Amino acid sequence: MSHTTTGTEPAQPPPEDDRAFFGQPRGLMTLSGLEVWERFSFLGMQAILVLYFADTVANGGLAMDPGTAASVSAAYGTLVYLVSVAGGWLADRILGSYRAVLYGGILIACGHYAMAVPTATMTWVGLGLISAGTGLLKPNVASMVGKLYRTEDERRDAGFALYYMAINIGAFAGPLITGWLGDHASWHWGFSAAAFGMTLGLIQYVLGRRHLAGRKHAAEFALAPAAMRRAVLMIVAGAVLVAVVATALALAGWLTMDRFVDVLTVISVIAPVVYFAVMFRSPRVTSEERGRLRPYVVLFLASVVFNFILFQAYSTMMLLASTNARTEIFGFHFPASWYASALGAFEVALAPVVAAVWARMGPRQPHASNKIAIGVILGGLSFLLMVLPTSGHAGDSYKMAAWWIVGSYLLLGLGDILLETSGMSATTKLAPKAFASQTMALWFLSLALANGIQAQIVKLYGEVSNPAYFGVNGAIAVVAGVAVIAAAPWLKRTMHPVH
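For clarity, every value in this text was computed on a predicted model and none was experimentally measured.

Asks: Sorry if this is basic, but what is going on with the overall build of the protein chain here?
Replies: Along the protein chain, the regular secondary structure elements total 17 helices and two strands. Computed over its C-alpha atoms, the radius of gyration of the protein chain comes to 22 Å, within 12% of the 23 Å expected for a compact globule of 499 residues. Projected onto its principal axes, the C-alpha coordinates of the protein chain cover approximately 65 × 55 × 40 Å. Expressed as a percentage of its 499 residues, the buried residues of the protein chain come to 55%. Excluding contacts between residues fewer than 6 apart, the proportion of contacts in the protein chain whose partners are at least 24 apart in sequence is 83%.

Structure representation (structure tokens):
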């Protein structure tokens with residue numbers, strides 16, 4: 001089913017001479033601006049979420065033990081990225097990318113406003129809305145970035161690096177604001193700041209929409225009208241049914257928080273397996289596209305390993321910082337959640353450097369698989385570094401210097417830039433045409449699986465020694481990165497047109 005576009009809604013990537021935004025298409029500025037505020041709200045909230053869960057009721061928290069707080073926080077992340085599958089499908093078949101991102105942003109803003117209400121019930125309502133909204137927004141905004149470039153455009157990786165730098169401006173600023181408000185006012189004031197940030201992101205997205213390549217009023221692969229009506233009815237009925245069943249099970253005492261976390265972990269394992277199977281068997285996927293999906297499985301698993309480490313920057317590392325790290329530098333005291341801003345700061349500083357290096361090297365830059373492998377190794381090293389300051393202590397009352405966690409985040413930030421920018425860029429190139437937005441959702445399913453595994457492993461935090469916890473997890477990541485490097489010859493042969 002075809003749809004026409006107006007002159008203000010370009011269906012094709014802009015010409016190569018569109019270099020209005022640091023040498024990149026001007027549409028990148030609109031999408032990057034949206035992500036600045038989306039990450040401000042999401043990671044600003046995430047930086048204080050585990051601390052809010054673990055804080056006492058007297059201080060406005062939910063009084064969870066540290067392992068449970070980290071596990072529930074990871075389960076929330078699992079849900080966010082599981083929903084991205086539905087978000088990709090809705091964009092491809094019903095809404096179109098532009099509207100999917102718009103509606104997702106509105107749900108996210110509503111979720112943060114709900115969390116600003118100081119009751120436990122509204123916290124869970126807010127997290128549900130944010131999960132649904134992020135599932136709509138995240139896979140589709142990344143796909144829209146890919147549409148700004150032709151496949152052979154060598155600016156693509158540099159553009160994704162700049163896009164990721166913009167994301168991390170929000171990741172840097174968010175925890176500073178929400179953390180200060182959470183520490184000096186209340187956790188819910190911190191959540192209010194996240195709501196305000198997402199609202200600003202939506203405003204600038206709508207104002208800059210004319211610069212977005214591929215923006216259409218309808219989905220690119222829209223369902224027939226009758227099929228669309230049936231799909232909408234099934235989605236609404238399914239959502240209502242799930243809500244009713246979950247409520248009934250919770251009231252009956254069967255659906256406890258631990259069981260809910262376990263269910264999400266199981267789904268996070270099953271979903272990508274099923275999704276890969278559907279794509280491999282789809283008659284709309286050509287044999288050439290199917291051949292490019294095979295190396296993508298390796299990239300998917302590499303993303304799982306790295307993001308298992310990365311997401312703990314907002315769970316176990318936050319808990320470690322709040323109990324065993326000094327919260328002062330040169331006499332200046334700061335909230336423990338501000339450590340999360342170090343990760344964003346390093347990525348803001350390093351992303352343009354990485355982008356400049358790739359742009360300067362052009363076709364001589366390392367293959368995408370090697371960039372990803374190095375990122376995984378750096379993630380593992382960030383955890384291995386934490387073995388040193390946590391070793392040799394008789395009790396748990398020690399305080400490590402701030403620079404240990406800052407150094408860990410430096411390694412993690414550089415690894416994140418290498419892996420995520422190359423991974424997202426490769427995904428837009430390897431995606432079968434009929435599954436464009438959904439293949440981006442599949443990349444985000446790797447994040448769901450990473451969170452699902454994390455939701456189980458973090459339960460060991462506090463049960464085993466810190467050196468053992470960080471050492472074993474870090475070593476596994478390093479070994480995984482080395483394995484990807486070993487597979488590089490095969491990956492280079494099978495990942496065309498990725499270079």
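Asks: Is there a simple way to think about a nonpolar patch on the surface in this case?
Replies: On the surface, a nonpolar cluster with roughly 400 Å² of combined accessible area is contributed by Val-266, Val-269, Ile-270, Val-274 and Val-278. Here Val-266 shows up in helix H8 (residues 257-281). Take Val-266: its relative accessible area is 47%, and that puts it in the partly exposed class.

Asks: Explain the environment of Phe-53 to me, please; I cannot follow it from the model alone.
Replies: Its place among the elements puts Phe-53 in helix H1 (residues 27-54). Classification of Phe-53 by relative accessible area gives buried; the value is 0%. The contact partners of Phe-53, leaving out residues within four places of it in the chain, are Leu-62, Ala-63, Met-64, Ala-69, Val-72, Ser-73, Trp-124 and Leu-127.

Asks: Is there a simple way to think about helix H10 (residues 316-324) in this case?
Replies: Along an α-helix, residues three or four positions apart point the same way, because every turn accommodates 3.6 residues. Burial runs high along H10: seven of the nine residues are buried. The complete set of buried residues in H10 reads Thr-316, Met-317, Met-318, Leu-319, Leu-320, Ala-321 and Asn-324.

Asks: How should the environment of Leu-212 be read in this particular structure?
Replies: Examined against the element boundaries, Leu-212 turns out to sit in the loop between helix H6 (187-207) and helix H7 (225-251). The class of Leu-212 is buried, set by a relative accessible area of 1%. Along the primary structure Leu-212 and Met-317 are separated by 105 residues, whereas in three dimensions their C-alpha atoms are 38 Å apart.

Asks: What should I look at first to understand the packing of aromatic side chains in this one?
Replies: The description of an aromatic ring pair uses the distance of the two centres, along with the angle that the planes make with each other. Evaluation of the coordinates by the stated rule reveals 18 aromatic pairs. On the basis of an interplanar angle of 80° and a centroid distance of 5.3 Å, the ring pair of Phe-276 and Phe-300 is categorised as edge-to-face. Pair noted here: Phe-276 is in helix H8 and Phe-300 is in helix H9 (residues 287-310), with a separation of 24 residues, a long-range link. Neither Phe-276 nor Phe-300 differs from the other in exposure class; each is buried. With a centroid separation of 5.3 Å and 75° between ring planes, the pair formed by Phe-334 and Tyr-339 is classed as edge-to-face. Tyr-339 carries the same exposure label as Phe-334, and that label is buried.

Asks: Sorry if this is basic, but what is going on with the nonpolar core here?
Replies: Proteins that are soluble and globular tend to have nonpolar side chains buried together. Of all hydrophobic cores here, the largest spans 129 residues; its most connected members are Met-45, Tyr-163, Tyr-205, Tyr-339, Ile-405, Tyr-409 and Leu-445. Counting residues per element, this core draws most heavily on H1, which supplies 13 residues. Those residues in contact with Ile-405 that lie beyond four places of it in its chain are Met-317, Ala-321, Ala-325, Tyr-339, Met-386 and Met-400. In terms of nonpolar packing, the next biggest core, distinct from the first, is built from seven residues, Leu-90, Ile-94, Leu-95 and Ala-231 among them.

Asks: Sorry if this is basic, but what is going on with the confidence of the model for the protein chain here?
Replies: The predicted coordinates of low-pLDDT regions are not to be read in fine detail. In the predicted model, the protein chain carries a mean pLDDT of 85, and 91% of its residues have values of at least 70. In the model, residues 1-11 has pLDDT below 50 throughout and makes 21 contacts with residues more than four positions away in sequence or in other chains.

Asks: What should I look at first to understand the packing of H1 against helix H5 (residues 156-184) in this one?
Replies: Axis angle and axis distance: for two packed helices, these are the angle between their axes and the distance between the axes, and together they describe the pair. Direction vectors running N to C along H1 and H5 enclose 35°, while the axes themselves pass 6 Å from each other. Helix-helix and strand crossings are classified by hand; for H1 and H5 the assignment is right-handed. Counted by class, the contact of H1 with H5 contains 17 nonpolar, seven polar and two charged residues.

Asks: What exactly am I supposed to notice about the packing of H10 against helix H16 (residues 466-486) here?
Replies: As a packed pair, H10 and H16 sit with axes 13 Å apart at the nearest point and diverge in direction by 150°. By the angle between their directions, the pair H10 and H16 is classed as roughly antiparallel. As H10 runs across H16, the sense of the crossing is left-handed. In this structure, H10 uses Thr-316, Met-317, Leu-320 and Asn-324 to contact H16, whose residues at the interface are Asn-466, Tyr-469 and Phe-470. Here the residues of the contact of H10 with H16 sort into four nonpolar, three polar and no charged.

Asks: What is the right way to read the side chain of Thr-30 from this model?
Replies: Looking at where Thr-30 falls in the secondary structure, it is placed in helix H1. Residue Thr-30 is classed as buried on the basis of its relative accessible area, which comes to 4%.

Asks: Even after reading the chapter, I still don't get the pattern of salt bridges, so can you show me in this structure?
Replies: Note that side chains of opposite charge can pair when their charged atoms are close. Summed over all chains, the structure comprises four salt bridges. With a closest N to O distance of 3.3 Å, Asp-262 and Lys-459 form a salt bridge. Taken as a pair, Asp-262 in helix H8 and Lys-459 in the loop between helix H15 (436-457) and H16 lie far apart in primary sequence, 197 residues in all. For Asp-262, a relative accessible area of 31% translates into the label partly exposed. Across the pair Glu-288 and Arg-292 runs a salt bridge, and its minimum N-O distance is 3.3 Å. Of this pair, Glu-288 and Arg-292 both sit in helix H9, four residues apart, which is roughly one turn of that helix. When its relative accessible area of 54% is taken as the criterion, Glu-288 is described as exposed.

Asks: Honestly, the environment of Leu-49 in this entry has me stumped. Any pointers?
Replies: Tracing the backbone shows Leu-49 in helix H1. Residues Leu-49 and Leu-129, spaced 80 residues apart in sequence, show a C-alpha to C-alpha distance of 15 Å. Among all residues touching Leu-49, those that are not within four sequence positions of it are Ser-73, Tyr-76, Met-115 and Leu-127.

Asks: How should I be thinking about unusual backbone geometry in this particular structure?
Replies: What you tend to see is this: most non-glycine residues have negative phi, and most peptide bonds are trans. One non-glycine residue, Ala-63, lies in the positive phi region at around 60°. By secondary structure assignment, the location of Ala-63 is in the loop between H1 and helix H2 (66-95). Its relative accessible area of 47% is what places Ala-63 among the partly exposed residues. Backbone geometry places Phe-330, a non-glycine residue, at a positive phi of 55°. Among the structural elements, Phe-330 can be located in the loop between strand E1 (328-329) and strand E2 (332-333).

Rules and cut-offs
Each chain carries its own residue numbering, running from 1 in the written order of its sequence. In keeping with the predicted nature of the model, local features appear solely for residues at pLDDT of at least 70, side-chain atom pairs appear and are counted solely at 80 or more, and the whole-chain, interface and lining totals rest on all residues. Water and hydrogen atoms play no part in the side-chain values, which are based on all heavy atoms of the structure. What counts as a helix is a DSSP run of H or I of at least four residues, what counts as a strand is a run of E of at least two, and both are numbered from the N terminus. The globule rule used for comparison is 2.2 Å times the number of residues to the exponent 0.38, while the radius of gyration itself is calculated over C-alpha atoms. Exposure classes here rest on a 1.4 Å probe applied to the protein chains alone. A residue is buried below 20% of its type maximum, exposed above 50%, and partly exposed in between. Contact between two residues is taken to exist if any of their heavy atoms lie within 4.5 Å; hydrogens are not considered. Patches in this entry comprise residues that are over 30% relatively accessible and not in a salt bridge; like charges within 9 Å are linked, as are nonpolar side chains (Val, Leu, Ile, Met, Phe, Trp, Tyr) within 5 Å. Surface accessibility in these figures is a Shrake-Rupley result with a 1.4 Å probe; residues are shielded only by whichever protein chains are displayed. Salt bridges are counted wherever a side-chain nitrogen of Lys or Arg sits within 4 Å of a carboxyl oxygen of Asp or Glu. Pairing of aromatic rings covers Phe, Tyr and Trp, the last through its six-membered ring, and needs centres within 6.5 Å; plane angles under 30 degrees mean stacked, over 60 mean edge-to-face, and all others mean tilted. In plain words, nonpolar cores are sets of buried Ala, Val, Leu, Ile, Met, Phe, Trp, Tyr and Cys residues tied together by side-chain atoms within 4.5 Å. pLDDT runs from 0 to 100 and stands for how confident the predictor is about each residue. A fitted line through C-alpha atoms serves as each axis, taken over the contacting stretch for helices, and the angle formed by two N-to-C directions is quoted from 0 to 180°. Each crossing is labelled by how the near helix is turned from the far one, with a counterclockwise turn of less than a right angle marking it left-handed and a clockwise turn marking it right-handed. Charged residues are taken to be Asp, Glu, Lys and Arg, nonpolar residues to be Ala, Val, Leu, Ile, Met, Phe, Trp, Tyr, Cys and Pro, and polar residues to be all remaining types, Gly included. When describing relative orientation, an angle under 35 degrees is termed roughly parallel and one over 145 degrees roughly antiparallel, while 65 to 115 degrees is termed roughly perpendicular and anything else oblique.

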